[in-house]
Structure formats: C-alpha cells, structure tokens
Amino acid sequence: MIDTHAHLDFSQFDKDRDEVISTCKKNGVQFIINIGVDLKSSLAGIKLAEKYDFIYATVGFHPHDAKNLTDSAFDELQKLATHPKVVGIGEIGLDFYRNLSPVKLQEKAFIKQLDLAKKLNLPVVLHIRKALDQAYEILHRRGHGQGILHAFPGDKSYAIEGIDMGYYIAFGGPITYPNSRGPAVAGSIPISRILTETDCPYLPPQKYRGKRNQPDYVRYVIEKLVEVFPKYIFEDIRRITIKNAGRVFNIPVDDTPMLVYKIGKSLYINLTGRCTNNCYFCPKNHGFHVAGHNLKLNREPDEKEILQKMSEQDNYNEIVFCGLGEPTLRADLMLSLAKSLKEKKTPIRLNTNGQGNLINKTDLSKKMAGLIDIVNVSLNAHDEKTYNGICQPQFGEKVFDKVIDFARRCKQMGINTIFSVVDIPEIEIEACKKIADNIGIPLRVRKYAP
Ligand code: NI
C-alpha cells in the first residue's frame, strides 16, 4: 500500500514516530510520501526520508502559510527541492475556507511554486478548499498538468476536468464516511488516475474517527475503492494505486513485465504482444499497462516458462488467454497449454479478435472444441467500414465477416461464445446487438476508459 500524503513530521507523532513508521511497514505500507507545509516541515520530511528508504518527501508552502513565503524562504525551498529524495512540490494551492493567509498572497505563492515545479519537472501536491474555480483557472494558465488533487473537494465534473488537465485524484479517510460523495466521484473516473492517501494525523477513516490517523489506515480507503470497483479485489487496487503513484512521483515501484497475472479471481496468460489489429483504443498505445500489470513482453515465452509462472499462483477460478496481443497467433502453444491445464478443471477462456482462422489458415474453432470453454470475441464494430477504421486489420478490408463467422463456428463447436464491444462513439451498440442476436450470441459492452 502507499500513503501519498502523510505529515509524519507533525508534533502529534513526536512521542512514537519511529514506532508508527515501523508498524506501518509491518502492516504492508510500501511507500510513504511525507508532505511539507512550510520550510520547517519540508526539512523535517527530508530528514525522515533520509532515515527511511521507503519514505519520500515533498517540499512546499501550504496556502495557510503562503504569507511566510518570503524571497529568502523561496530560495531555501528551491535548494531543498533538489534533494534526491524530494519527489514533488507541495502541498500548495488555495484555501479560502480558513483564509489563514490573505487571498492575494495565497495566489502569489501558488503561482510561484507551480512555476518552480515546472522548472524542476516535479509533480505538485494540490490542496484546494472552497477555491476550486480560482485554483483551476490558475492551473489551466500556469500548471504543467503533473501532480495530485489531494483531499479532492469537488464533484464529478471537477474530477473529470482535473484529470483532463493531467492530474491524479487522491482519496483518503473521508471516502469511508457515511454520505461521502467520494465513492461516486471515484466511480466516475478511471482507476488508473486514483491514488490513496491519509493526510495523517488528520482525517482518519470512519473506524478511527476522533483518533489520530496513520499511514497504514490507507487500507480502509482501498477497501472502500474495492466496493466502488467491484471487478477488482483488494490486491488489485493495492497494486494499481502503487503503480499510479510510481508514475506520478517517479519512485521505484516494481514494474516487471508479467507472463502470468491476476485480476480479480481470473488468472491471465500473456502469450504474445503481437496482434493482427491495431485498434486505437488498445492499452498498448498508452503504456502497455492493464490493471496495474505491465504486459510488455521483451520476448515471447515458451510453455515451460508459463507453467512455471502459473505454479506460483493460486486462488483463481478461471484461466484466460489474453494480454495485449492476439493469443491465436500462438495457437499451437495455447492449445497445448489448454491440454495440459485441462486436468485442473478450471474453466479456460480465450479473449480474441476473432481472426484465429485467418491467422492459422485452418478451422481453429474445431481444434479449440473440448479444450477452450469460453471464447470472448471482440466484435469491435457494427459494420465492416467502421471495423476497418477502428481496428486497421492487417488482413485487409474483408475481415469483419470472418470475425462473425469465427464466433458462429465456435458456438457450433459447443464453446460458450460471447461478443464484446467497447462503448466508443463510433460504434452503434444497437446494431452490434442485432448482429449478435442473429446468431444467438450474447453481447457484452465494455466501458471505455481513455
Ligand atoms: Ni495535508
């Protein structure tokens, strides 16, 4: 787990700081980002980061302390920002709720620190309270679109606007409060842009309200996010939020390419990165990650490697041939694996672009019968022209009908066959449904998260 917003330097931790930190480590906190609010706390955060390898620091002047950001303080801040364990500028922003610094000075300090972050190519940690419109106006004008909206105070439309500018959104203890709008806001944005935080010692989760917060309580935030994204389990959200934070703060999170990987209770086998389509919505175009897994293969694995990796996994109820490539490009390997996995009695699914017969110049559906239990064919469009526009198939213009034919044959072979489409604007879902209905195959519509 990662806490992207802690104030472990605050006096609330003076009596037992090291104990709290070691408890958090024991309880599975992999990284902590300690956030500065003025010069003193920025320096204290750096000291903690020097002492503990899994703690990093940001430096900055909180809007409450904007009035203290003198020229000499700013020079000092600039120096601190070049420390190797400083990974961001913050927390900075506007707070018109408490107005502990005059508005004009808050704006001035905010802009100055945004410019510093841009100059040093560091992300910003943004604290915005009762000032979203004013802060967004400044961010549009002067921000560099890297960083985090911390303790997100807005509704869905502000969340989407923030993401469109490039920022990630962090959720903390308040998402666990009854009547919090946090879950609805989180559910309206892609999980790939969500981070976990505590703001400790403040804002504890519901279970510890009135008590001091601490970094390992991000567990309760993750649990809430599992409710919001039911296709994921705790482990998925844990992994995804760490990967997300790794991207934002450029910290060394494990990003090993995966031959075999789990999402929810499904075990996926990544046979190849090659594909005979080039769909514009493919995650390959956005960094080769799916649900926090790096799927970029440096080379194609063989059967022995895959079986070895599979033996390291447990607690799954489905095996899926998937990945970012087209599994039927390695049909022989896939069928051979399916044969040796059959005795496990775990259902085996194939996610495919439906071009297996074209690729293998044979009726692959016949060979799959009895080995593959479920086949999910990406229909991708409602007609040939749209298909070619979206997918740019290597096999030329006449592929769409062959895809439908492949699905039909799979169904005839007794394989449980499903069509899927992604809900992008070019695709007429109703027309897709008609095609699927005509041959008696159910259609699944997947949400597109750009
Ligand atoms: Ni804070």
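Since the structure is predicted, the reported quantities are computational estimates derived from the model, not experimental observations. (Residues numbered from 1 in each chain as written. Predicted model: local features only at pLDDT ≥ 70, side-chain atom pairs only at ≥ 80, totals over all residues. Heavy atoms only, no water.)

*Asks:* Could you give an account of the side chain of Asp199, naming the residues involved and the relevant values?
*Replies:* Counting through the fold element by element, Asp199 comes out in the loop between strand S8 (194–196) and helix H8 (218–228). Although buried, Asp199 forms no salt bridge, and the nearest oppositely charged side chain, Arg129, lies 8.7 Å from it. Once you skip the residues sitting within four places of it in the chain, Asp199 turns out to touch His5, His7 and His150. (Helix = DSSP H or I, 4+ residues; strand = E, 2+ residues; numbered from the N terminus. Buried < 20%, exposed > 50% of the residue type's maximum accessible area, 1.4 Å probe, protein only. Lys, Arg positive; Asp, Glu negative; His and termini not counted. Salt bridge = Lys/Arg side-chain N within 4 Å of Asp/Glu carboxyl O. Contact = heavy atoms within 4.5 Å.)

*Asks:* Which residues make up the pairing of strand S5 (residues 124–129), and what values do they have?
*Replies:* Along a regular strand, successive side chains alternate from one face of the sheet to the other. Among the six residues that make up S5, five are buried, leaving the element largely enclosed by the rest of the structure. Sheet topology note: the strand S4 (residues 86–95)/S5 ladder contains six bridges and is parallel. Each residue of the ladder has a partner; that of Gly90, found in S5, is Val125. Remark: the S4/helix H4 (residues 103–120)/S5 crossover connection has right-handed handedness. Strand direction decides the pairing type here: S5 and strand S6 (residues 147–150), joined by four bridges, are parallel. (Pairing = 2+ DSSP bridges. Right-handed = clockwise from strand over helix to strand, strands pointing away.)

*Asks:* Lay out the coordination of the nickel ion with the relevant residues and their values.
*Replies:* Taken together, the protein donors to the nickel ion comprise His5 (NE2), His7 (NE2), Glu91 (OE) and Asp199 (OD), at separations of 2.2 to 2.3 Å. In this structure, the nickel ion is coordinated by four donor atoms arranged in irregular fashion, with angles at the metal of 84 to 170°. Here the donor residues of the nickel ion share one chain and are spaced in sequence as H-x1-H-x83-E-x107-D. Of this pair, His5 sits in strand S1 (residues 2–6) while Glu91 is found in strand S4, placing the two residues 86 residues apart along the sequence. Since its relative accessible area comes to 0%, His5 is described here as buried. Exposure remark for Glu91: the relative accessible area of 2% places this residue in the buried category. (Donors = N, O, S within 2.8 Å, 3.2 Å for Na, K, Ca; no water. Tetrahedral: all angles 85-135°; square planar, octahedral: opposite > 155°, others 65-115°.)

*Asks:* For the state of the cysteines, give the residues involved together with the corresponding values.
*Replies:* A covalent bond between the sulfur atoms of two cysteines is what we call a disulfide. Throughout the structure, instances matching the rule amount to zero disulfides. For the unlinked cysteine Cys275, the closest cysteine sulfur is that of Cys279, found at 6.3 Å. The thiol sulfur of Cys432 is not disulfide-bonded, and the nearest other cysteine sulfur, from Cys391, lies at 11 Å. (Disulfide = S-S within 2.5 Å.)

*Asks:* Talk me through helix H1 (residues 17–26); I want residue IDs and the actual numbers.
*Replies:* Among the residues making up H1, those that are buried are Arg17, Val20, Ile21 and Cys24. Seen from one end, H1 has its buried residues packed into an arc of 100°, which puts them on one side. Of the residues in H1, the exposed ones pointing more than 90 degrees away from the buried face are Glu19 and Lys26. Count one or two residues on from H1 and you reach Gly28, which has phi positive near 100°. (Arc of directions from axis to C-beta.)

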